[in-house]
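# Reading the structure
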Amino acid sequence: MAYNLKGRSFLTLKDFTAKEIRFLLDLSIKLKADKYAGIRSKNLEGKNIALIFEKPSTRTRAAFVVAAVDEGAHPEYLGKNDIQLGKKETVKDTARVLGRMFDGIEFRGFKHETVETLAKYAGVPVWNGLTDKYHPTQVLADFMTILEERGYLKGIKFAYVGDGRNNMANSLMIGASKMGMDFRIVSPEKLFPEKSLVKESEEFAKESGGKITITSDINKGVKGADVIYTDVWASMGEEDKIAERISLLKPYKVTEKLIEMTENDKVIFLHCLPSFHNNETELSKKYPEICEVEESVFEGKHSRVFDEAENRVHTIKAVMVATLGK
């Protein structure tokens, strides 16, 4: 069933029903199949799209550009030094200027309030490419990958292991509770998510038949899991907390042993990337213990991280087509 999402912004999955989320996922799958078949519908032909990046990115930037071009739009990258956002010009004023010139705006940055202000004043759809609170386009790619692997979402046992209060944990908890999953955050108590967000997600889970568990017990959290998910231990801008995070999260590293603890040979491993899974990056050479997942898991039979990364294109394309397309 199609849903009319025209003109709507995409800031957090809180704003969308389970049926609307499923519609976006089904559209993503269709658009992916179309691309593989060489079909270009040009749903965004003639549209101009602003891509605002306070934070650098590989997948989000590449996915928005490829998705826009595939559908006939012109994407314009606006880095933090290219425009006056929040420096010489207020976010409110920037929103009204860009909204007069562009048909849609993507924002990837720090404060969630910034993307909310853009959406309030731009007058065109605004899409959240990541803020300190939420990363909803990533969650769509994660759920699409699960659908491709398992064919369903309701009842999936999903264990997020690691920093339980970052934007990925927040967004996955919201999305999973909306879609009726058995969702667990497995984290040290010091890094549990905000209680208010847990309560809100529990309300979503009551409607969907889902379940939310927040635990520091690794065995309890991962047993029977269909999906093991992790993220880096220190997000961009938290470099000063690396030593503390290593101390807290070392027991929560995704290892072969942890995968075995699921007692599910068909469990899949997901990661939003970038990942520290070996000591080949500058940061992991400086902090050898920062790796949140073993190389053998990241490269092993359970890993679907590059399917998941590719799906950023198709899900972002679906969001833009649904909210701005023909």
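Above: the structure in question.
Below, the structure is looked at part by part. (Residues numbered from 1 in each chain as written. Predicted model: local features only at pLDDT ≥ 70, side-chain atom pairs only at ≥ 80, totals over all residues. Heavy atoms only, no water.)

## Examining the sheet that holds strand β5 (residues 157-161)
Spatial ordering of the open sheet is given by β7-β6-β5-β8-β9, a layout of five strands whose pairing is parallel. At either end of the open sheet lies a strand with only one pairing partner, and these are β7 (211-215) and β9 (268-271). Strand after strand, the sheet turns through a mean of 20° between neighbouring axes, direction not considered. Each of β5, β6 (182-186), β7 and β8 (227-230) is contacted by helix α6 (residues 167-178), which is oriented at about 160° to β6, the strand it contacts most. Most of the contacts of helix α13 (residues 305-324) go to β9, to which it runs at about 45°, and overall it touches β8 and β9. (Pairing = 2+ DSSP bridges. Helix = DSSP H or I, 4+ residues; strand = E, 2+ residues; numbered from the N terminus. Axes fitted to C-alpha atoms, helices over the stretch in contact; angles between N-to-C directions. Contact = heavy atoms within 4.5 Å.)

## Let's talk about helix α2 (residues 59-70)
Its 12 residues place the ends of α2 16 Å apart at the C-alpha level, agreeing with the 16 Å of an ideal helix rising 1.5 Å per residue. Structurally, α2 contributes buried residues whose contacts are with α1 (18-36), β1 (48-53), β2 (74-79), β3 (104-108), β4 (126-130) and α13. Positioned one or two residues after α2, G72 has a phi angle of 90°, which is positive. (Expected span 1.5 Å × (residues − 1).)

## As for the nonpolar core
Membership of the largest hydrophobic core comes to 59 residues, with the highest contact counts inside it found for I49, F143, I146, F158, L172, F183 and M320. Element by element, the count of residues in this core is highest for α13, at eight residues. Discounting chain neighbours no more than four positions away, the residues touching F143 are L25, L153, F158, L172, G175, A176, M179 and M181. V267, L273, C291 and V293 belong to the second largest nonpolar core, which has 29 residues in total. (Core = buried A, V, L, I, M, F, W, Y, C linked by side-chain atoms within 4.5 Å. Buried < 20%, exposed > 50% of the residue type's maximum accessible area, 1.4 Å probe, protein only.)

## Structural notes on the packing of α1 against α13
Axis angle and axis distance: for two packed helices, these are the angle between their axes and the distance between the axes, and together they describe the pair. The interhelical angle for the contact between α1 and α13, taken along N-to-C directions, is 115°, at an axis separation of 8 Å. When the axes of α1 and α13 are compared, the pair comes out roughly perpendicular. In the packing of α1 onto α13, the handedness of the crossing is right-handed. Judged by residue contacts, F23, L24, L27, S28, L31, K32, K35 and Y36 of α1 engage E310, N311, H314, T315, K317, A318, V319, V321 and A322 from α13. The residue inventory of the contact of α1 with α13, partitioned by class, reads nine nonpolar, four polar and four charged. (Parallel < 35°, antiparallel > 145°, perpendicular 65-115°, else oblique. Left-handed = near helix turned anticlockwise from the far one by under 90°. Nonpolar A, V, L, I, M, F, W, Y, C, P; charged D, E, K, R; others polar.)

## Structural notes on α13
Helix length check: α13 (20 residues) gives 29 Å between terminal C-alpha atoms against 28 Å at 1.5 Å per residue, within 8%. Here α13 lies mainly inside the structure; 17 of its 20 residues are buried.

## Digging into the packing of α2 against α13
Following both chains from N to C, one finds α2 and α13 inclined at 50°, their axes separated by 8 Å at the closest point. Relative to α13, α2 is oriented oblique. For the pair α2 and α13, the crossing hand works out as right-handed. Across the interface between the two elements, R59, T60, A63, F64, V66, A67, A68 and D70 of α2 pack against A309, R312, V313, I316, K317 and M320 of α13.

## Comments concerning the side chain of S208
Relative to the elements of secondary structure, S208 occurs in helix α7 (residues 195-208). For S208, a relative accessible area of 14% puts it in the buried group. Excluding residues within four positions of it along the chain, S208 makes contact with K154, S177, K178, M179 and G180.

## A word on the environment of T315
With respect to the helices and strands, the residue T315 is situated in helix α13. Considered as a pair, T315 and T137 are 178 residues apart in the sequence and their alpha carbons are 6.9 Å apart. With residues up to four places along the chain from it excluded, the contact list for T315 reads S28, T137, L140, A141 and M144.

## Re a negative patch on the surface
Negative charge collects at one region of the surface, where D15, E113, E116 and D132 lie side by side. Relative to the helices and strands, D132 resides in the loop between β4 and α5 (136-150). (Patch = residues over 30% accessible without salt bridge, like charges linked within 9 Å, V, L, I, M, F, W, Y side chains within 5 Å. Areas by Shrake-Rupley, 256 points an atom, 1.4 Å probe, with all protein chains shown as cover. Salt bridge = Lys/Arg side-chain N within 4 Å of Asp/Glu carboxyl O. Lys, Arg positive; Asp, Glu negative; His and termini not counted. Charge placed at Lys NZ, Arg CZ, Asp CG, Glu CD.)

## Considering the pattern of salt bridges
Counted by the stated rule, this structure contains 19 salt bridges. In the salt-bridge network here, residues are joined through shared partners; they are K35, R40, D70 and K317.

## Digging into the packing of aromatic side chains
Counting across every chain of the model gives eight aromatic pairs. Where F158 meets Y229, the ring centres are 5.7 Å apart and the plane angle is 25°; that geometry is what we call stacked. Within this pair, whereas F158 is found in strand β5, its partner Y229 is found in strand β8, the two being separated by 71 residues in sequence. Its end group placed over the ring of Y77, R61 keeps NZ or CZ at 3.6 Å from the ring centre. Residue placement shows K178 over the ring face of F204; its charged tip is 4.3 Å from the ring centre. (Phe/Tyr/Trp six-rings, centres within 6.5 Å; stacked < 30°, edge-to-face > 60°. Lys NZ or Arg CZ within 6 Å of the ring centre and 35° of its normal.)

## Structural notes on the sheet that holds β2
As summarised here, the arrangement of the four strands in space is β2-β1-β3-β4, forming an open sheet in which the pairing is parallel. Each edge of the sheet is formed by a strand with only one pairing partner; in this case those strands are β2 and β4. Strand after strand, the sheet turns through a mean of 20° between neighbouring axes, direction not considered. Examined bridge by bridge, β1 and β2 share six bridges and lie parallel to one another. When the bridges of β2 are listed, A50 appears paired with E76.

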